[in-house]
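Descriptive structure summary
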Amino acid sequence: MKPLELHTGVAAPLLRANVDTDAIIPSREMRRVSRSGLADGLFAHWRYLDAERRLPNPDFILNHPERAGASILLGGPNFGCGSSREFAVWALAEFGVRVIVAPDFNPIFQKNCVANGLLPAQVPQSGIQALAAWSDEDPQRNRLTVDLRASVMEGGGSPVPFAISEGQRVRLLRGLDDITLTDESGAKIDAFERQRLAEQPWVRLDQ
Amino acid sequence: MLSPVSATLFDKLWNSHCIETDDDGASLVYVDRVVMHERTGAVALDSLARRRRCVRRPEHAFCVADHVVDTQPGRSDDTPVPGGRDFIVALRQGAASFGLRMFDVDDDDQGICHLVSAEQGIALPGLSLVCPDSHTCTLGALGALAFGIGTSELEHALATSTLRMTKPATMRVSVTGRLLGHATAKDLALTLIAAHGAGGGRGAAVEFQGEGIDAMTVEQRMTLCNMAAEFGAATAVVAPDEAVFEELAGAPLAPREPPLGRWRGLRSDPGARFDRDLVLNAHEVAPQVTWGTSPEHCGGVDDPVPPPKDAAARQALGYMGLEPGRPLASERIDAAFIGSCTNARISDLRSAADVLRGHRVAPGVAAICVPGSKRVKRLAEAEGLDRVFKDSGFEWREPGCSMCFFAGGEGFRAGERVITTTNRNFEGRQGPGARSHLASPAVVAASAILGRIGAPGALV
């Protein structure tokens, strides 16, 4: 997984509340048993006037020419709610999004982001509005900078601190893969399991 | 070691599964059972195989075909969902190569994965269970520590029998009083979400307790815990009681001699502290229906459409084709859907059938009932409920997630107004441009007869 320390990019505000994973990637865009080939279906209901014919909706923020190459999404409360589908995060990552800024995230979506090297940065709504306002002035020139080492974002005014759990911050900084990390605890898992199954044999099902 | 003086139920479940917590606050949590479906599970099994990893405890992992299976009678692997067959076949192949029990399309015990988990005794009080589906929290109603996860986490759980996560905060929702009249657990959930928002659960582990919960059937508690996913909760849990133990007796994978003493201890201690406390009076809950595109956009069936309070609500009203001030109950419907992991258990079908008996679905309304599992379907048919549904004009289908979401196969058309027992009224959820109104099975049945949104009380 690609580590993330410092990222500078064009921002795109999508500030409405409760942006759900069905909106991020509609179920009908999940056509293959694969983590790839999803960017085209990202926000399909909103991004296209006709999703089947891929007719772009010029009003949708990611279709605005001045947002070209956007890699930082500025979102509203409860971002990523709904289905646990990791396809939503795979679609965002493939499209080029590295950072999502929102007042709060759905818990499963937030973990899916971290598992794929995307930063879910928590910032109060007023801070997001300030970042969006500055970006709006000239999106290509007024790029935002996200510094995960210091947990702050820079954009025009004074630096905006963001929140992320320390465990998730460290994993993103190092680009750690969870399974490899957990393998290091293999002996502890074995010991825990032995004790659990010995004390509560009903937990174990026959092979 | 001394145990804490008073612990919440969630603390007890968490502590009994927590292997270690590192300096950053991330814990390694032991996973007793893994359940997966074809939509999100197939990718995980495929990439495990590519990475040459094993499933650490194959006897504790289960596969269910539910998300994109055809629900028309006489079905096969073929499904109207484009590419859907590939997902089913990939899950089947993965299950076979890793040696996992699969509840396949033609299995007598197939159904929506959360119903299968409960019916089979895969989920049990005190067990931890993960499934790559947001509605896994349904199983908290049995006193299980149940988490919905992503595909990467599923791979992790299969390979290591653990989940890596930070312990969520706790929230208690105390339900005083009992539900009255036609109000159901679905209405209680929608009332809670409307009051505190679709993000009101704030990533917490929510415990439902109080008189209103004690008085609920186990199935109603499952409906309530299911909707915790729409509340932004990390999971939900209810202290298991004798009703739960009875429900599980005889489940194929439940222990023949259940550890009842241990299970009875699965409750919050008196005086246990929660990070947040909410109170809801069940007496005041009336039958609900949503008017917008988030479950928080919700009000009483007999209430008018409220004025929009923010941009999202304004956009929602535009999408739904509704005007503030007009009574919701005057809106004509094109379709009625009874199904999903929220409301397709036997008691849901009974409550809809009670409303339907002796009535006909209004002309022009497409009415569909999809039982949640083969077991539910068998029970319903033994009671003659299938006849009630069919005689009234409902389609009677094979189990699966069906039209809870549109995956490119069957769905509702743009502009069509659908009243549905499902859990999500998002834009395009049940078809591009389709307008979904969430409600209980009784309200959906009554609306199907009336041809417009309405409560059972409106039927003469």
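Refer to the structure presented above.
In this report, the structure presented in the accompanying data block is examined. Just so it is clear, the model here is predicted, and its values are computed rather than measured.

1. Structural notes on the interface of chain B and chain A
The parts lose accessible area when they come together, and the size of an interface is often stated as this lost area. Taken together, the contact between chain B and chain A spans 74 residues of the former and 56 residues of the latter. Summing the contributions of chain B and of chain A, the shared interface buries around 5,300 Å²; its carbon and sulfur component is 55%. Linking chain B with chain A are eleven salt bridges, by the criterion used here. With a closest N to O distance of 2.9 Å, Asp 32 of chain B and Arg 196 of chain A form a salt bridge. If you look at where chain B meets chain A, you find 33 residue pairs in polar contact (both at pLDDT 80 or more). Sorting the residues of the side of chain B that touches chain A by element identifies strand 1 (18–21), strand 2 (26–30), helix 2 (38–50), helix 3 (84–98), helix 5 (151–160), strand 8 (162–166), helix 10 (260–264) and helix 11 (311–320) of chain B as the ones contributing at least two each. Top contributing element to the side of chain B that touches chain A by residue count: helix 5 of chain B, with seven residues. Partitioned by chemical class, the residues of the side of chain B that touches chain A number 29 nonpolar, 25 polar and 20 charged.

2. Re the state of the cysteines
By the definition in use, this model includes zero disulfides over all chains. Distance from the sulfur of Cys 404 of chain B, which forms no disulfide, to the nearest cysteine sulfur (Cys 341 of chain B) is 6.3 Å.

3. Describing the packing of helix 6 (residues 185–196) of chain B against helix 8 (residues 218–226) of chain B
All names here are of chain B. Where helix 6 meets helix 8, the axes come as close as 8 Å, and the angle between the chain directions of the two elements is 25°. In terms of their interaxial angle, helix 6 and helix 8 are classed as roughly parallel. Crossing of helix 6 against helix 8: the hand is right-handed. Counting all contacts with helix 6, which are made through Ala 185, Lys 186, Leu 188 and Ala 189, the residues of helix 8 involved are Gln 220, Thr 223 and Leu 224. Split by residue class, the contact of helix 6 with helix 8 holds four nonpolar, two polar and one charged.

4. Things to note about the sheet that holds strand 8 (residues 144–147) of chain A
Ordered by their spatial adjacency, four strands build an open sheet running 1-8-9-10 (chain A), and the pairing between neighbours is antiparallel. Both edges of this open sheet fall to strand 1 (6–9) and strand 10 (160–161) of chain A, since each of them pairs with a single strand only.

5. Some remarks on the sheet that holds strand 15 (residues 335–338) of chain B
Residues and elements named next belong to chain B. One open sheet holds the five strands; their spatial order is 17-16-15-18-19, and the pairing between them is parallel. What marks the edges here is a single partner per strand, and that holds for strand 17 (395–396) and strand 19 (435–438). Two strands pair when backbone bridges link them, and strand 16 (residues 366–369) and strand 17 are joined in this way by two bridges, in the parallel orientation. Paired with Ile 368 across the two strands is Glu 395, which belongs to strand 17. In this fold helix 11 packs onto strand 18 (417–420) and strand 19, with an angle of close to 110° to the strand it touches most, strand 19.

Definitions and cut-offs
- Residues numbered from 1 in each chain as written.
- Chains lettered and ligands numbered in written order.
- Predicted model: local features only at pLDDT ≥ 70, side-chain atom pairs only at ≥ 80, totals over all residues.
- Heavy atoms only, no water.
- Contact = heavy atoms within 4.5 Å.
- Buried area = accessible area lost by both parts, 1.4 Å probe.
- Salt bridge = Lys/Arg side-chain N within 4 Å of Asp/Glu carboxyl O.
- Polar contact = N/O pair within 3.5 Å; in protein donor to acceptor, adjacent residues only side chain to side chain.
- Helix = DSSP H or I, 4+ residues; strand = E, 2+ residues; numbered from the N terminus.
- Nonpolar A, V, L, I, M, F, W, Y, C, P; charged D, E, K, R; others polar.
- Disulfide = S-S within 2.5 Å.
- Axes fitted to C-alpha atoms, helices over the stretch in contact; angles between N-to-C directions.
- Parallel < 35°, antiparallel > 145°, perpendicular 65-115°, else oblique.
- Left-handed = near helix turned anticlockwise from the far one by under 90°.
- Pairing = 2+ DSSP bridges.

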